[in-house]
Amino acid sequence: MSEDDAAARCRSRIDRRPMREIVEMRKLLILSAALAAGALSLPAVAAQQSEQTSTSQQTAANEGEKVTGTVTNVDQNKQEITIDGQKYKLLLGAGAGLEPQVGSKVTAYYEEKNGQKTITRIGQPQ
């Protein structure tokens with residue numbers, strides 16, 4: 001082996017080493033940036049979930065009491081619906097124009113005024 005061959009081999013090893021280090025450093029930099037971005041987004045996600053929970057609790061509080069059960073009777077003339085033996089006044093628009101069928105399971109929100117329970121919203125069971 002000549003001196004030129006030995007020198008070329010040595011340069012080849014030296015040239016590859018810095019390139020590997022550069023590639024490894026880039027990988028670490030990208031990984032660090034991804035972790036930092038994830039860490040910064042966690043508080044925002046937690047705040048958004050907290051806000052959604054708070055909003056849904058406020059909505060439920062504004063809608064009144066909640067009842068889930070099976071429709072046992074519907075009286076269109078009196079605009080009444082019976083859910084598990086309890087009668088409720090069903091105003092037009094509370095169920096978006098859809099009247100529940102006898103035997104269907106529903107969740108309803110109602111307000112009680114002067115001893116009468118009036119449904120403010122009705123839909124699929126929750």
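Small disclaimer: the values here were computed from a predicted structure and weren't measured.

J.: Tell me about the overall build of the chain, and please be specific about residues and values.
T.: Check the secondary structure of the chain and you find one helix and five strands. Of the regular secondary structure in the chain, the N- to C-terminal order runs α-β-β-β-β-β. When burial is assessed residue by residue, the chain has 17% of its 126 residues classed as buried. In the chain, the proportion of contacts linking residues at least 24 apart, taken out of those at least 6 apart, comes to 50%. Only carbon and sulfur atoms are counted for the fraction: they give 53% of the accessible area of the chain, which is about 9,800 Å².

J.: Give me the lowdown on the side chain of Lys117, citing residues and values where you can.
T.: Assignment of secondary structure puts Lys117 in strand β5 (residues 116-123). Within the buried set, Lys117 has no salt-bridge partner at all; the shortest N-O distance to an opposite charge, 4.9 Å, is to Glu112. Reaching out from Lys117, the side chain makes a polar contact with the side chain of Gln86 at a distance of 3.0 Å. Excluding anything up to four places from it in sequence, Lys117 contacts Gln86, Lys87, Tyr88, Lys89, Tyr110, Glu111 and Glu112.

J.: Lay out the side chain of Thr107 in plain terms, naming residues and giving numbers.
T.: Structurally, Thr107 can be placed in strand β4 (residues 105-113). Once residues lying within four places of it in the same chain are set aside, the contact partners of Thr107 are Lys66, Val67, Thr68, Arg121, Ile122, Gly123, Gln124, Pro125 and Gln126.

J.: Let's hear about the sheet that holds β5: which residues, and what values?
T.: Adjacent strands of a sheet pair through backbone hydrogen bonds, lying either parallel or antiparallel. Taken together, the five strands give a closed barrel; going around it, the order is β1-β2-β3-β5-β4, and neighbouring strands pair in mixed fashion. Strand-to-strand, the axes of this sheet are offset by a mean angle of 55°, without reference to chain direction.

J.: So what's going on with the pairing of β5? Residues and values would help.
T.: In the sheet, strand β3 (residues 86-90) pairs with β5 via two bridges, with the strands oriented parallel. Paired with Leu90 across the two strands is Ile119, which belongs to β5. Across seven bridges, the pairing between β4 and β5 is antiparallel. Bridge pairing in β5 places Ala108 opposite Ile122. What sits between β4 and β5 in their antiparallel hairpin is a turn of two residues, with Asn114 showing a positive phi close to 55°.

J.: Quick rundown of the environment of Pro125? Include the residues and the values.
T.: On the secondary structure map, Pro125 appears in the segment after β5. Note on Pro125: relative accessible area 41%, which makes it partly exposed. With residues near it in sequence (within four places) discarded, Pro125 still touches Thr68, Lys105, Val106 and Thr107.

The rules behind these values
For every chain, the first residue of the written sequence is number 1, and numbering continues from 1 onward in sequence order. With the structure being a predicted model, the display of local features is reserved for residues of pLDDT at least 70 and the display and counting of side-chain atom pairs for 80 or more, all residues being used for whole-chain, interface and lining totals. For side-chain calculations, the full set of non-hydrogen atoms in the structure is used, while hydrogens and water are omitted. Helix and strand definitions follow DSSP, with helices as H or I runs of at least four residues and strands as E runs of at least two, each counted in order from the N terminus. Each residue is assigned to one of three classes by its accessible area relative to the maximum for its type, calculated with a 1.4 Å probe on protein chains only: buried under 20%, partly exposed between the two thresholds, exposed over 50%. Residue contacts are counted whenever heavy atoms from the two residues lie within 4.5 Å of one another. Using a 1.4 Å probe, accessible areas were evaluated by the Shrake-Rupley method; residue-level cover was limited to the displayed protein chains. Neither His nor the chain ends contribute to the count of charged residues, in which Lys and Arg are positive and Asp and Glu negative. The salt bridge definition used is simple: a Lys or Arg side-chain nitrogen within 4 Å of an Asp or Glu carboxyl oxygen. Whenever a nitrogen or oxygen atom comes within 3.5 Å of another N or O atom, the pair is scored as a polar contact, on the condition that within protein one atom can donate a hydrogen and the other can accept it, and that pairs from neighbouring residues in sequence are kept only if both atoms are in side chains. Any two strands with at least two DSSP-identified bridges between them are counted as paired. Every angle, taken between N-to-C directions, lies between 0 and 180 degrees, and every axis is a line fitted to C-alpha atoms, over only the stretch in contact when it is a helix.

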